[in-house]
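Residue strings, one per chain:
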Amino acid sequence: MSLTSLILKFAAPVPKPESYSRFLFVGPHPDDVEIGAGATAAKLAKAGKQVTILVCLDGRYGDGLSGGVRGDDLARTRREEAVRAAARLGVKDVLFLGRLDGGVKAVTPEEAAEAEMLCDGGFYEMKDLVQGLADAVTRTQPEVIFGPDPLSRSECHPDHLNAGNAVRQIACFSPYPGIMSRYPAKAPEDGKAGAPVQAAAFYMTARPNRYIRTDGALLKAQLEAIAAHRSQFPGGSAELKSVSTYLRLRSFNFGLHRAGLHGEGFRVYGQTQMHCLPEAGE
Ligand SMILES: [Zn+2]
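Predicted, not measured: the structure shown is a model, and the values here were computed from it. (Residues numbered from 1 in each chain as written. Predicted model: local features only at pLDDT ≥ 70, side-chain atom pairs only at ≥ 80, totals over all residues.)

One open sheet holds the 7 strands; their spatial order is E3-E2-E1-E4-E5-E7-E6, and the pairing between them is mixed. Strands at the two margins of the open sheet, each flanked by one partner only, are strand E3 (93-96) and strand E6 (210-213). Within this sheet the neighbouring strands show an average axis-to-axis angle of 30°, counted without direction. Of the pairings in the sheet, the one linking strand E1 (residues 22-27) to strand E4 (residues 144-148) comprises 3 bridges and is parallel in character. Looking at the pairing, Phe 25 lines up with Phe 146 of E4. (Pairing = 2+ DSSP bridges. Helix = DSSP H or I, 4+ residues; strand = E, 2+ residues; numbered from the N terminus. Axes fitted to C-alpha atoms, helices over the stretch in contact; angles between N-to-C directions.)

Quick look at helix H8 (residues 216-227) now. Compared with the 16 Å implied by 1.5 Å per residue over 12 residues, the 16 Å span of H8 between its first and last C-alpha is a close match. Where H8 is concerned, the buried positions are Leu 218, Leu 219, Ala 221, Gln 222, Leu 223, Ala 225, Ile 226 and Ala 227. The inward-facing, buried residues of H8 abut helix H2 (32-46), helix H3 (71-89) and helix H9 (238-256). (Expected span 1.5 Å × (residues − 1). Buried ≥ 20, exposed ≤ 12 C-beta atoms within 10 Å, placed from the backbone. Contact = placed C-beta atoms within 7 Å.)

This part takes up the pairing of strand E7 (residues 263-270). Across the 8 residues that make up E7, a large majority, 8, are buried. Burial along E7 is two-sided: the residues Gly 263, Gly 265, Arg 267 and Tyr 269 and Glu 264, Phe 266, Val 268 and Gly 270 are all buried. Where strand E5 (residues 199-203) lies against E7, 4 bridges are found, and the strand directions are antiparallel. Note on E7: the bridge partner recorded for Ala 201 is Val 268. Examined bridge by bridge, E6 and E7 share 4 bridges and lie antiparallel to one another. For Tyr 211, the partnering residue across the bridge sits in E7 and is Gly 265.

Now the structure itself:
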């Protein structure tokens, strides 16, 4: 451990997500939270904590395995699957940014390319994600926001990068009502925007700095939740077997960091790490 890391460890310790009570899990697509952090969401819900899942995009273009179901029909199916999957994790509160459902903006592919509006759930602008997330934060008052790591070097999907960057931005600004009041699409009834967000925790990361211990039952719930996304992981398919094998191995690997057999790993930043402290990102 370098001297800088040692100083940071005492001057700006990385928060422990489990120590908080209210959580918002942000998924670019309907199945991402289950894959990236399903066992942790199930653990927190089981502990009686407030857990909300926010699905950004409707996933209508995830039609590779959906047996010919496409467009609005697939978007509807995936919404139902997301609710069933969340229920398997013990999470009842699932929010959808319906305004981002595919094709809400009538633009040509050329216009979309020019505006750098890249996604697979319909065309949207970054401010749509940021405003939708700001609304969800004001409504659910999370202390920790989970999202996909936008700094993962292998991640190429624009929706994951955009959703992760929206989480970074809103997590940093959430404690500031003056700034947050400029974001929500709908003004909160009591006039208070933002929330006391203490940490951002990124899943699907190659650089975890916090590990949460889980167990076999939580992993089982996670795998069943993923199987609930039948349009993406049909029963008995190679895709379902592949993701299940990966998650079992990942669970074991992360579990070893907490002296257990199961776990999940996250890149966590507290408010003090999010701004003017570049060493915290090393
Ligand atoms: Zn995704």
